[in-house]
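Remarks on the overall topology
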Amino acid sequence: MSWEENVRKVVPYTPGEQPKVTDIVKLNTNENPYPPSPNVMEALRDLSEGRMRLYPDPKAEELVHAIAEAYGLKDEEVFAGVGSDDVLAMCFLTFFNSKKPILFPDITYSFYDVWADLFRIPYETQPLDENFHIVPADYLKENGGIIFPNPNAPTGVVLPLDTVRQIAAANPDSVVIVDEAYVDFGAESALPLIHEYDNVIIVQTFSKSRSMAGLRIGYAMSNAKMIKYLNDVKYSFNSYTMNYPSIKLGAAEVRDTEHFRAVCDKIIATRTSSAKRFRERGFQFEESCSNFLFVRHEKVSAKEIFDYLRTQNIFVRWFNKPRISNYLRVTIGTDEEMDKLFAALDRFLDR
Ligand SMILES: *Cc1c(COP(=O)(O)O)cnc(C)c1O
C-alpha cells in the first residue's frame with residue numbers, strides 16, 4: 001500500500017498550444033483576432049492600486065449586474081466564473097450528481113469527459129451522425145444530466161432552438177446545460193428557455209466573441225434557484241474566484257454592445273469568404289456557426305497539411321482522435337491572417 005493508490009488520478013485536458021515565438025499566424029485556439037472594446041483599456045487605466053490590497057467582491061456584483069443588464073435578466077439569474085471552464089466545472093459538480101449517466105456527444109468539447117472522470121460522474125457519449133449533427137432522439141433516454149455545446153465544438157454545427165427546446169422539455173428530471181461558447185457568431189441562443197423550463201442553464205464566455213480569453217471570464221444564466229445552487233457550491237470551494245481587474249474590465253466590455261456586435265459581424269464575414277476559399281481548394285466541411293471551420297481535404301491528409309502549416313509558422317488545430325483525425329479546426333482570424341493561410345495552402349497543394 002502506498003499513498004499513490006489514494007491519489008485522485010485523472011487524465012488531464014490538453015489545451016491548444018500557446019507558442020512563445022512571435023510572428024506566427026495563430027488559428028489554433030479560437031481566440032478573437034480583434035481587441036476588446038476600447039472601454040476595457042480605459043477601465044484598466046482606472047484600476048486602483050489601493051484596491052488590490054483588499055479581497056475582491058465575492059459576489060462580483062458589478063460584473064454580474066452588467067451581464068444581467070446586457071441580457072435583460074435579474075442579477076439573481078447570473079453566475080460569473082473564471083472562464084466558462086470554471087463555470088462548467090461548477091455546473092458538473094453541482095448538477096450532475098446522479099448514479100445515472102450524463103449524456104454528451106462523442107465528438108465534442110474534450111473537457112466534458114475529463115470533468116466527468118474527475119468528479120466520478122458516470123457518462124455515456126452519443127454518436128453524432130455521419131455529417132456531424134447531433135441526433136436529438138439520443139437525448140430522450142434516461143439520464144443523469146445533459147450537456148452539449150451549441151454550436152458544437154470542434155464541428156461548428158448548430159442545433160436549432162426548437163430541438164434544444166424539445167430536449168429540455170423531454171428531460172424535466174435532469175439539468176440540461178447548453179454551452180454557448182460560440183453562439184454569438186450567428187447561432188440562436190437558448191436563453192429564452194431559462195424562463196420556459198426550470199432545468200435549463202446557459203453558459204457563455206468572454207474568451208471568444210468578447211476578445212478577453214486572457215482575463216478568464218465566463219458566466220451562467222438560469223433561474224434564480226439554479227444560480228443559488230451554483231453559488232452554494234462555489235462558496236464551498238473558493239469564495240473569491242473573480243479577481244478585481246476581471247470584474248472591472250469584464251463589466252466595461254459587456255456594456256459596449258456596439259463594439260461587440262461589429263467584431264462578431266466582421267468575423268462572420270471573414271468566415272463566409274474563407275469558406276468559399278476552402279471550397280475552391282478542395283476542402284469539405286459542414287456549415288459553421290462559430291468562429292472556426294472544421295475542414296477535411298478531399299485528397300491530402302489533415303496531418304500532412306497540419307505539419308506543413310507549422311513549418312510556415314501557421315498554427316491550426318488537429319485532433320488525433322477517432323472519426324476526426326482527418327480534419328483540421330481552423331480559427332477565423334483577420335483577413336490578412338487568412339490570406340497568409342491560403343497562400344501557404346496554395347504552395348503546399350500545388351507542389
Ligand atoms: C473555449 C470553450 C470553452 C471555454 O472557454 P473559457 O475560456 O474557459 O471561457 C468552453 N466550451 C467550449 C465548447 C469552448 O470551445
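Data block above holds the structure.
Values in this document were obtained by computation on a predicted structure and should not be read as measured data.

1. A word on the pairing of strand E4 (residues 123–126)
- Relative to E4, strand E3 (residues 102–105) runs parallel, the two being bridged by four bridges. Bridging across to E4, Pro-105 finds its partner in Gln-126.

2. So, the site of the ligand
- Taken together, 13 residues sit near the ligand, with Ser-84, Tyr-182, Thr-205, Ser-207 and Lys-208 positioned nearest.
- Contacts to the ligand include Asp-85, whose backbone N or O atom sits 2.9 Å from an oxygen atom.
- A distance of 2.6 Å separates an oxygen atom of the ligand from a polar atom in the side chain of Ser-207.
- When the free accessible area of the ligand is taken as 380 Å², the share hidden by the protein chains comes to 93%.
- Broken down by element, the shell around the ligand gets its largest block of residues, four residues, from helix H3 (residues 83–95).
- Its residues assigned to classes, the shell around the ligand comprises five nonpolar, four polar and four charged.

3. Some points on the packing of helix H9 (residues 257–280) against helix H11 (residues 335–349)
- Running from amino to carboxyl end, H9 crosses H11 at an angle of 15°, the nearest separation of the two axes being 11 Å. Viewed along their axes, H9 and H11 adopt a mutual orientation that is roughly parallel. Handedness of the crossing formed by H9 with H11: right-handed. Taking contact as the criterion, the partners of Lys-266, Thr-270, Ser-274, Arg-277 and Phe-278 in H9 are, on H11, Asp-335, Met-338, Asp-339, Leu-341, Phe-342 and Leu-345.
- Here the residues of the contact of H9 with H11 are counted per class, giving five nonpolar, two polar and four charged.

4. Looking at the side chain of Thr-241
- With respect to the element layout, Thr-241 can be found in the loop between helix H7 (224–235) and helix H8 (244–254).
- Those residues within four positions of Thr-241 in sequence are excluded, and the remaining contacts are Ala-80, Val-82, Asp-86 and Lys-234.

5. Structural notes on H7
- Over its 12 residues, H7 runs 16 Å from end to end, which matches the ideal 16 Å to within 8%, given 1.5 Å per residue.
- Within the sequence span of H7, burial applies to Met-226, Ile-227, Leu-230 and Lys-234. Buried residues along H7 cover an arc of 100° about the axis, so they all sit on one side.
- Elements that come into contact with the buried residues of H7 comprise strand E2 (78–81), H3, strand E7 (200–205) and strand E8 (218–221).

Calculation criteria
- Residues numbered from 1 in each chain as written.
- Predicted model: local features only at pLDDT ≥ 70, side-chain atom pairs only at ≥ 80, totals over all residues.
- Heavy atoms only, no water.
- Pairing = 2+ DSSP bridges.
- Helix = DSSP H or I, 4+ residues; strand = E, 2+ residues; numbered from the N terminus.
- Near = heavy atom within 4 Å.
- Polar contact = N/O pair within 3.5 Å; in protein donor to acceptor, adjacent residues only side chain to side chain.
- Areas by Shrake-Rupley, 256 points an atom, 1.4 Å probe, with all protein chains shown as cover.
- Nonpolar A, V, L, I, M, F, W, Y, C, P; charged D, E, K, R; others polar.
- Axes fitted to C-alpha atoms, helices over the stretch in contact; angles between N-to-C directions.
- Parallel < 35°, antiparallel > 145°, perpendicular 65-115°, else oblique.
- Left-handed = near helix turned anticlockwise from the far one by under 90°.
- Contact = heavy atoms within 4.5 Å.
- Expected span 1.5 Å × (residues − 1).
- Buried < 20%, exposed > 50% of the residue type's maximum accessible area, 1.4 Å probe, protein only.
- Arc of directions from axis to C-beta.

Purely spatial values, then, with no claim about function.
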